[in-house]
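These are the residues of each chain, in order.
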Amino acid sequence: MASNPRIKLPDQAAIGDVIEVKTLVTHVMETGNRKDKDGVPIPRNIINKLIAKFGDVEVFHAELGPGISANPYISFQMKVPGPGVFEFAWIDDQGVKLVETAALNVV
Amino acid sequence: MKVLRPELLNRRSFIITAAAGACLAPLLKSATALAQTADTAPFERTPLFETELKTLLAGAVPTDGKITVDLPEMAENGNFVPITMTVDSPMTDADHVRAIHILSSGNPVAHVATFRLSPLNGRARVQSRMRLARSQDVVVLAELSNGEITMSTMTVKVTLGGCQT
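*Asks:* What's the story with the interface of chain A and chain B in this structure? I'm lost.
*Replies:* Interface extent is often summarised as the accessible area lost during association of the parts. If you look at the interface, chain A gives 30 residues, while chain B gives 27 residues. Counting the surface lost from both chain A and chain B, the interface buries some 2,400 Å², and carbon and sulfur atoms represent 48% of this. Linking chain A with chain B are one salt bridge, by the criterion used here. Residue E63 of chain A pairs with R116 of chain B through a salt bridge whose shortest N-O separation is 2.9 Å.

*Asks:* What is the right way to look at the pattern of salt bridges in this model?
*Replies:* Opposite charge on two side chains permits them to pair, given that their charged atoms come into close proximity. All names here are of chain B. For the structure on display, the rule yields five salt bridges over all chains. Residues D137 and R45 are paired through a salt bridge, measuring 3.0 Å at the closest nitrogen-oxygen approach. Placement of D137 in strand β8 (residues 136-144) and of R45 in the loop between α1 (6-40) and α2 (47-57) is noted, with a sequence separation of 92 residues between them. K66 is the partner of E148 in a salt bridge, and the nearest nitrogen-oxygen pair spans 3.3 Å. Taken together, the positions of E148 in the loop between β8 and β9 (149-160) and K66 in the loop between β1 (63-64) and β2 (67-70) put the pair 82 residues apart, joining distant regions of the chain.

*Asks:* Looking at this structure, I do not really get the confidence of the model for chain B. What am I missing?
*Replies:* Detailed reading of the predicted model is not advised wherever pLDDT is low. Residues and elements named next belong to chain B. When pLDDT is averaged along chain B, the result is 83, and 73% of the positions lie at 70 or above. Predicted confidence is poor over residues 21-38, with pLDDT under 50, and the contacts of this stretch with residues over four places away or in other chains come to one contact. Here the predicted complex carries an ipTM of 0.94, next to a pTM of 0.82.

Calculation rules
- Residues numbered from 1 in each chain as written.
- Chains lettered and ligands numbered in written order.
- Predicted model: local features only at pLDDT ≥ 70, side-chain atom pairs only at ≥ 80, totals over all residues.
- Heavy atoms only, no water.
- Contact = heavy atoms within 4.5 Å.
- Buried area = accessible area lost by both parts, 1.4 Å probe.
- Salt bridge = Lys/Arg side-chain N within 4 Å of Asp/Glu carboxyl O.
- Helix = DSSP H or I, 4+ residues; strand = E, 2+ residues; numbered from the N terminus.
- pLDDT = per-residue confidence, 0-100.

Spelled out as structure tokens, the structure:
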């Protein structure tokens with residue numbers, strides 16, 4: 001299960017700026033190829049999706065496979081349309097959804 | 001009391017050394033051969049990778065040179081390999097990047113990630129960290145709004161493979 005979401009935004013931004021949005025979440029990203037000490041396969045459980053919205057508009061969408069490291073870090077860019085709030089949603093194979101919001105300080 | 005006879009000792013150690021040498025020689029030889037193949041031959045690509053690549057390209061011939069992929073040439077830990085992808089695109093409504101795909105030629109699962117972008121992003125640049133099970137080629141494809149697909153291939157040598165990605 002995903003936990004401890006962390007979002008890094010610039011302290012302030014102006015309309016029209018292109019900013020970097022950094023996201024990090026704690027998750028084991030179990031590949032499904034490993035076995036426990038009794039030889040029983042550990043079922044796959046990864047975050048397969050990260051969806052970022054700004055206001056109600058989707059600005060970034062990632063589809064992840066088991067080739068992404070544990071505790072997935074993903075950063076992307078966004079052109080600032082105005083003040084608003086980001087909403088990030090991480091969804092894992094068990095359907096567990098973790099949502100975090102972050103406000104963008106627009107000057 | 002036993003007297004150590006130097007000539008006997010010498011003979012014994014000579015025999016031991018010779019035997020050890022004889023045992024090690026083929027090992028050394030095969031190690032050199034392995035090192036040579038790793039240096040010269042391209043990395044073997046999994047059938048899954050070839051299928052994924054074919055599906056993504058969908059018959060299109062990829063162009064070259066529009067993506068900059070920042071990946072280390074040598075990765076000590078295959079569990080955490082930082083990757084930065086930048087596509088040279090104005091990111092306007094008329095000309096932008098729709099998606100960036102990462103494929104690995106040597107992981108058990110070839111599809112690493114797909115990132116969907118739009119003109120709202122302003123710049124086509126995505127960063128993440130990936131797993132590499134062994135030394136291999138990492139292929140990054142970008143789908144542009146005009147239907148063009150641009151591709152970049154990077155070879156990464158991995159010292160310690162990401163555990164069973």
